[in-house]
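Structure at a glance
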Amino acid sequence: MTFVPDLTILAAFTLAAAILTITPGPDMTLFMGKTLQQGRKAGIAAVLGAASGIVVHSLFAALGISALLATSATAFSVLKYAGAAYLIYLAVQAVRNGSALTLEDTTVKKESFARIWSQGLLINLLNPKIILFFVTFLPQFVTVGDPHAAGKLLFLGFYFIALGVPACILMVYFAGQFASFLKGSPKAMRAFDWAFAGVMGTFALKLLAARAAAN
């Protein structure tokens, strides 16, 4: 299957996706908060909405990046190096500021499944950090001149969802225990931050090192 990256790339992407999935952020705050406030059904609705936002970003990233590849190899290289700089920035921010996870377990008025789904959709769809991440992160896994780049980018985007959704639903089902663990264990939160920073920094440095070797 030409749209499936080789095993080395897939293994690296799987590691990155796993770290990203368990790193607290706005989408985790939403689905964990909804679960604690309104139950598991509400949490699952938020997870599916957030995943729908990732589908849209995956489509736009794949189409846009593949078009850039076809138009200008130089522009694509610039995008990759801008992406490396952004990944380093994310790594530094994770270490400096830590993960933002604020959860309230107070009971609130029940919302419809569709309303919570739309909240999950919007929190990822309109988040500029998510947009920048997908536009700069996915290109690290394709190369200039690859005729199957669009298919590989789409595969990676949907693969990210396939890995993330089951993990997030598992968090929903154990939301109380997971939230208590995160709130009561600052060291665990810092471990997430350092793991995230390590993955982002590794990809950025790998890209820069490959460029230096090519020169």
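Residues numbered from 1 in each chain as written. Predicted model: local features only at pLDDT ≥ 70, side-chain atom pairs only at ≥ 80, totals over all residues. Heavy atoms only, no water.

On to helix 7 (residues 149–173), then. The first and last C-alpha atoms of helix 7 sit 37 Å apart over 25 residues, in line with the 36 Å expected at 1.5 Å per residue. Taken residue by residue, helix 7 has Ala149, Lys152, Leu153, Leu156, Gly157, Phe160, Ile161, Gly164, Val165, Cys168, Met171 and Val172 as its buried positions. (Helix = DSSP H or I, 4+ residues; strand = E, 2+ residues; numbered from the N terminus. Expected span 1.5 Å × (residues − 1). Buried < 20%, exposed > 50% of the residue type's maximum accessible area, 1.4 Å probe, protein only.)

Here the focus is the environment of Ala94. Position of Ala94 among the secondary structure elements: in helix 4 (residues 73–97). The buried category is assigned to Ala94, whose relative accessible area is 8%. Along the sequence, Ala94 and Met200 sit 106 residues apart, while their C-alpha atoms lie 9.9 Å from each other. In contact with Ala94, not counting residues within four places along its chain, are Arg190, Asp193, Phe196 and Ala197. (Contact = heavy atoms within 4.5 Å.)

Among the structural elements, Lys152 can be located in helix 7. A relative accessible area of 16% means that Lys152 is categorised as buried. Residues in contact with Lys152, not counting those within four places in the same chain, are Thr2, Phe3, Val4, Pro5, Val142 and Asp146.

This part takes up the nonpolar core. Soluble globular proteins: nonpolar side chains tend toward being buried together. Phe13, Phe31, Met32, Leu87, Phe133, Phe137 and Met200 are the most contacted members of the largest nonpolar core, which has 52 residues in total. Of all the elements in the fold, those that place two or more residues in this core are helix 1 (7–22), helix 2 (26–38), helix 3 (40–71), helix 4, helix 6 (128–137), helix 7, helix 8 (175–184) and helix 9 (186–214). The leading source of residues in this core is helix 3, at 10 residues. With near-sequence residues (within four places) excluded, Phe133 lies in contact with Leu20, Tyr86, Leu87, Leu90, Leu138 and Met200. (Core = buried A, V, L, I, M, F, W, Y, C linked by side-chain atoms within 4.5 Å.)

The next subject is the packing of helix 1 against helix 7. Contact geometry for helix 1 and helix 7: axes closest at 10 Å, N-to-C directions at 40°. Taken together, the axis directions place helix 1 and helix 7 in an arrangement best described as oblique. Considering only the axes of helix 1 and helix 7, their crossing is right-handed. Within the contact between the two elements, helix 1 uses Leu10, Phe13, Thr14, Ala17, Leu20, Thr21 and Ile22 and helix 7 uses Phe155, Leu156, Tyr159, Phe160, Leu163, Gly164, Ala167, Cys168 and Met171. A breakdown of the residues in the contact of helix 1 with helix 7 according to their chemical character gives 13 nonpolar, 3 polar and no charged. (Axes fitted to C-alpha atoms, helices over the stretch in contact; angles between N-to-C directions. Parallel < 35°, antiparallel > 145°, perpendicular 65-115°, else oblique. Left-handed = near helix turned anticlockwise from the far one by under 90°. Nonpolar A, V, L, I, M, F, W, Y, C, P; charged D, E, K, R; others polar.)

Attention now moves to the packing of aromatic side chains. Any aromatic ring pair is given by two values, namely how distant the centres are and how the planes are angled relative to each other. With the rule as written, the count across this model stands at 2 aromatic pairs. Ring centres 6.2 Å apart and planes at 35° place the aromatic pair Phe13 and Tyr159 in the tilted group. Taken together, the residues span a long stretch of sequence, with Phe13 in helix 1 and Tyr159 in helix 7 at a distance of 146 residues. For Phe13, a relative accessible area of 1% gives the class buried. On the numbers, 5.7 Å between centres and 10° between planes, the contact of Phe155 with Tyr159 is stacked. In this pair, Phe155 and Tyr159 both sit in helix 7, 4 residues apart, roughly one turn of the helix. (Phe/Tyr/Trp six-rings, centres within 6.5 Å; stacked < 30°, edge-to-face > 60°.)

End to end, helix 5 (residues 113–125) covers 18 Å across 13 residues, agreeing with the expected 18 Å (1.5 Å per residue, within 8%). For helix 5, the set of buried residues is Ile116, Gly120, Leu121 and Asn124. Considered in projection along helix 5, the buried side chains sweep an arc of 145° and stay on one side of the axis. (Arc of directions from axis to C-beta.)

In short, geometric facts, not functional conclusions.
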